[in-house]
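Understanding the architecture of this molecule
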Amino acid sequence: MAVFLDRLGRLAFRRRWLVLLMWVVALVAAGTASALAPAAPDGSYSMPGTESQRAFDLIEQRFPGVSVGGGAEGASAKIVFVAPAGQRVSEQRNRSVIDEVVGQVGKVDQVVRAADPFKAGAVSKDGSTAYAAVTFEVKAKDVSDAAKQDLEKAVEEGRDAGLTVEVSGSVLASQPSGGVAEVAGVVVAAVVLLITFGSLAAAGLPLLTALIGVGIGTATILALSSALGLSSATSTLALMLGLAVGIDYAMFIVSRYREERARGLAPQDAAGVAVGTAGSAVVFAGLTVVIGLAGLSVVGIPTLTQMGLAAAGTVALSVLVAVTLIPAMLGVFPRAVLARSARRAARAGAHPAADGDKPNMGSRWARPIVRRPLPVLLVAVAVLGVIALPAAQLHLGTAGDESKPTSTTERRAYDDLAKGFGPGFNGPLTIVVDAESAKDPKAAVAGTVREIGATDGIVSVSAASFNTAGDTAIFTATPATAPTDERTIDLIHTLRGDRPAIEKATDATFMVSGGTAGNIDSDQKVQGALVPYLGLVVGLAFLLLLIVFRSVLVPLKAALGFLLSVLAALGAVVAVFQWGWLAGLLGVRQTGPIMNTMPIVMVGIVFGLAMDYEVFLVTRIREAHLQGEGPGQAIVSGFRHSARVVVAAAVIMISVFSGFIGVSETLIKMIGFGMAIAVLFDAFVVRMTIVPAVLALLGQRAWTMPHWLERIVPQVDVEGHALTRDAATTAVVTDATTTDEAERQNLPVH
């Protein structure tokens with residue numbers, strides 16, 4: 001591996017202009033394709049294998065143009081009217097106001113129908129509340145601003161007339177948007193790079209190459225979005241990860257190049273060794289990220305599969321950029337990426353001073369850990385264990401209007417409907433009755449409606465609506481409890497459990513669906529897939545790290561450290577988004593259940609990134625060990641060379657991920673926070689503290705494996721031992737090379 005990448009790095013260095021041209025052409029081609037591609041369809045969320053999804057598919061098949069909720073395919077809204085205290089909405093004055101508002105809304109452009117609540121029977125039993133169902137001819141994202149403004153104007157007039165008027169529905173759904181926080185993350189990354197490298201060129205190079213890789217990746221995703229039906233979250237996740245790992249991977253190669261130049265290697269040789277050593281670590285680190293992301297496919301949720309594969313492709317592209325474009329850029333700026341002192345020494349004809357065994361922050365950090373590993377290990381594990389405790393109270397769900405702040409009209413409409421019509425009104429169950437095999441379909445459906453209506457926990461059922469063929473019907477059953485209430489979950493299980501008896505009595509089968517049932521099915525599917533998913537990705541990564549480090553204990557330690565950091569991150573997510581700790585500081589306006597897909601997405605990403613730091617740190621430790629240093633000294637040496645860059649990489653990742661906390665989409669906000677806190681825990685507590693403590697306790701045993709296993713595990717020189725050994729016997733070529741010599745080596749003179 002190291003030899004191949006060394007040759008690739010040298011080739012890219014020599015043919016730098018051709019490599020640059022190829023990447024620029026790829027960027028232009030991807031950008032052009034994305035600009036010419038048709039717009040992506042609306043994001044759809046399906047849950048194959050669940051009852052709610054089967055019901056949805058049956059409705060689509062037999063009721064074309066009707067959604068699970070029974071409405072049209074276009075955007076919808078509910079205008080909720082509440083009479084002043086002690087009054088009824090049916091009183092003449094209040095009814096006139098409602099009629100006026102509904103009439104105005106019915107004339108709004110793109111509105112197909114605004115139902116009269118008094119004719120539709122949409123008035124509460126106590127007469128205090130009514131609602132008008134509004135249907136649009138276009139989907140929510142296509143509703144014009146003018147139509148929304150006209151709707152809001154009509155609502156305001158109703159409020160001015162003395163009624164409480166609120167609005168809910170998909171028409172008000174805002175499109176996911178970011179903010180300056182995302183740009184701030186990149187700015188922080190630039191500052192960290194500048195401080196770390198002390199060179200504008202060295203700081204700018206990782207940013208430039210990362211942006212090129214992310215640009216190609218996200219443009220390709222956008223170009224394929226229409227054909228593959230990719231959601232907006234897909235490109236956002238790919239952008240988030242591609243930017244973070246792209247900067248980090250470039251950092252490690254540039255840092256190793258500077259180190260090899262300080263040892264006296266010529267620019268081309270230094271680029272080759274940097275790609276052969278740090279580049280090997282980048283390749284295997286990237287593979288672990290790809291494994292974690294591609295492994296999301298086993299969950300069986302198409303949206304997660306799309307997000308995982310798209311992000312994995314972007315990460316793979318970042319690896320390719322790192323091992324080809326970085327050495328090409330180093331060929332363009334062989335001296336500019338060096339520190340200022342190294343450039344001054346080169347201009348003076350002196351040899352840049354190598355660090356050698358000079359202590360730095362990395363070695364100063366590692367030495368006390370190596371001296372007292374057990375107390376350090378116990379304290380670090382205890383701290384993460386305490387932070388992980390809230391994860392035991394993790395409650396999965398799907399955020400609805402009930403989780404929005406009371407400052408929004410959607411939340412107020414939700415509360416008014418619950419008060420006027422009962423808590424279960426906001427989460428009705430959609431019952432799909434398949435009476436195709438019944439002798440008398442109408443009688444079979446009527447029997448099903450009657451049996452379900454008599455079930456404890458159901459307060460009302462609607463009249464059944466038949467399809468054109470008359471063999472399938474839909475009706476709604478309103479629970480007595482709210483959508484997120486545990487009793488509602490029990491009710492759905494009861495209905496499904498009673499199905500055999502009801503089917504026997506009515507000669508028709510039915511399925512329970514709707515938003516509430518779909519959320520429950522989704523939660524169960526994600527929870528059921530978590531353990532197999534963890535087993536797959538941890539198992540594959542264990543094998544990969546076994547090959548990389550030729551050790552059993554090091555991969556085992558890496559996997560256990562990952563579990564500790566991800567549990568701590570989940571604990572922090574629960575504390576903020578579910579319990580509300582520090583929620584205001586992070587812009588979380590309302591607490592509620594954790595979105596059901598968030599933990600498994602975060603686990604996949606955290607796993608890959610945790611292995612990143614493991615590979616970058618431990619390869620330098622093992623490299624020092626292979627060069628003859630004892631286990632303890634090898635830890636100190638590895639930290640001397642890699643800790644500063646790993647810390648900078650972690651700070652960059654934290655800043656990039658933190659930028660996405662400002663995104664309005666709840667899932668991305670949660671992932672951004674979860675990823676930022678997970679990197680904080682994993683980089684600074686697990687990899688920088690627990691890893692050296694465990695390696696110090698293991699000693700020589702960390703680098704051994706059973707003889708039978710050693711014979712079958714392939715040799716992969718990730719540390720570039722052969723390269724560094726050969727370089728040590730090679731004649732030193734310094735930056736004092738004459739112009740003629742530089743030309744013979746195909747080097748630019750700066």
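Just above sits the structure.
Residues numbered from 1 in each chain as written. Predicted model: local features only at pLDDT ≥ 70, side-chain atom pairs only at ≥ 80, totals over all residues. Heavy atoms only, no water.

Right, let's talk about the overall build of the chain for a bit. Counting its secondary structure elements, the chain contains 26 helices and 11 strands. The burial tally for the chain puts 53% of its 750 residues in the buried class. The contacts of the chain with a sequence gap of at least 6 include a subset with a gap of at least 24, amounting to 79%. Accessible area for the chain stands at about 31000 Å²; split by element, carbon and sulfur atoms hold 60% of it. (Helix = DSSP H or I, 4+ residues; strand = E, 2+ residues; numbered from the N terminus. Buried < 20%, exposed > 50% of the residue type's maximum accessible area, 1.4 Å probe, protein only. Contact = heavy atoms within 4.5 Å. Areas by Shrake-Rupley, 256 points an atom, 1.4 Å probe, with all protein chains shown as cover.)

Once that is clear, we can look at the pattern of salt bridges. Within the structure shown, the criterion is met by 20 salt bridges. Between Asp 269 and Arg 10 there is a salt bridge, and its shortest N-O distance comes to 2.5 Å. Of the two residues, Asp 269 is situated in helix α10 (residues 267–294) and Arg 10 in helix α1 (residues 2–14); the sequence distance between them amounts to 259 residues. One salt bridge connects Arg 496 with Glu 51, and the closest N-O pair in it is separated by 3.3 Å. Of the two residues, Arg 496 is situated in helix α17 (residues 486–497) and Glu 51 in helix α3 (residues 51–62); the sequence distance between them amounts to 445 residues. The exposure classification of Arg 496 matches that of Glu 51, with both residues buried. Look at the salt bridges and you will find they share partners, linking Arg 256, Glu 259, Glu 260, Arg 263, Arg 620 and Glu 623 into a network. (Salt bridge = Lys/Arg side-chain N within 4 Å of Asp/Glu carboxyl O.)

Below, the discussion takes up the sheet that holds strand β1 (residues 76–82). Taken in spatial order, the 4 strands line up as β2-β3-β1-β4 in an open sheet, and their pairing is antiparallel. The sheet is open, and its two edges are formed by β2 (111–114) and β4 (164–168), each paired on a single side. Sheet twist, expressed as the average angle between the axes of neighbouring strands with direction ignored, equals 20°. As defined by bridge partners, β1 adjoins β4 across 5 bridges and the pair is classed as antiparallel. Across the sheet, Val 82 pairs through a bridge with Thr 164, a residue of β4. Taken strand by strand, helix α4 (residues 92–106) contacts β1, β2 and β3 (129–136), and its axis lies near 160° from that of β2. (Pairing = 2+ DSSP bridges. Axes fitted to C-alpha atoms, helices over the stretch in contact; angles between N-to-C directions.)

Turning our attention to unusual backbone geometry. One non-glycine residue, Asp 507, lies in positive phi territory at about 65°. Along the chain, the position of Asp 507 falls in the loop between α18 (499–506) and β10 (509–513). On the basis of relative accessibility, which here comes to 43%, the residue Asp 507 falls in the partly exposed class.

This part covers the packing of aromatic side chains. This structure, assessed with the given rule, holds 8 aromatic pairs. With centroids separated by 4.9 Å and ring planes inclined at 80°, the aromatic side chains of Phe 562 and Phe 607 adopt a geometry described as edge-to-face. With a gap of 45 residues between them, Phe 562 in helix α20 (residues 553–578) and Phe 607 in helix α21 (residues 598–626) connect regions that are remote in the sequence. The pair Phe 562 / Phe 607 is uniform in exposure class, with both members buried. Feature note: the residues Tyr 131, Phe 421 and Phe 425 constitute an aromatic cluster, connected by ring pairs. The ring of Phe 13 carries Arg 16 above its face, with NZ or CZ at 5.6 Å from the centroid. Over the ring of Phe 118 we find Arg 95; its NZ or CZ atom is 4.2 Å from the centre of that ring. (Phe/Tyr/Trp six-rings, centres within 6.5 Å; stacked < 30°, edge-to-face > 60°. Lys NZ or Arg CZ within 6 Å of the ring centre and 35° of its normal.)

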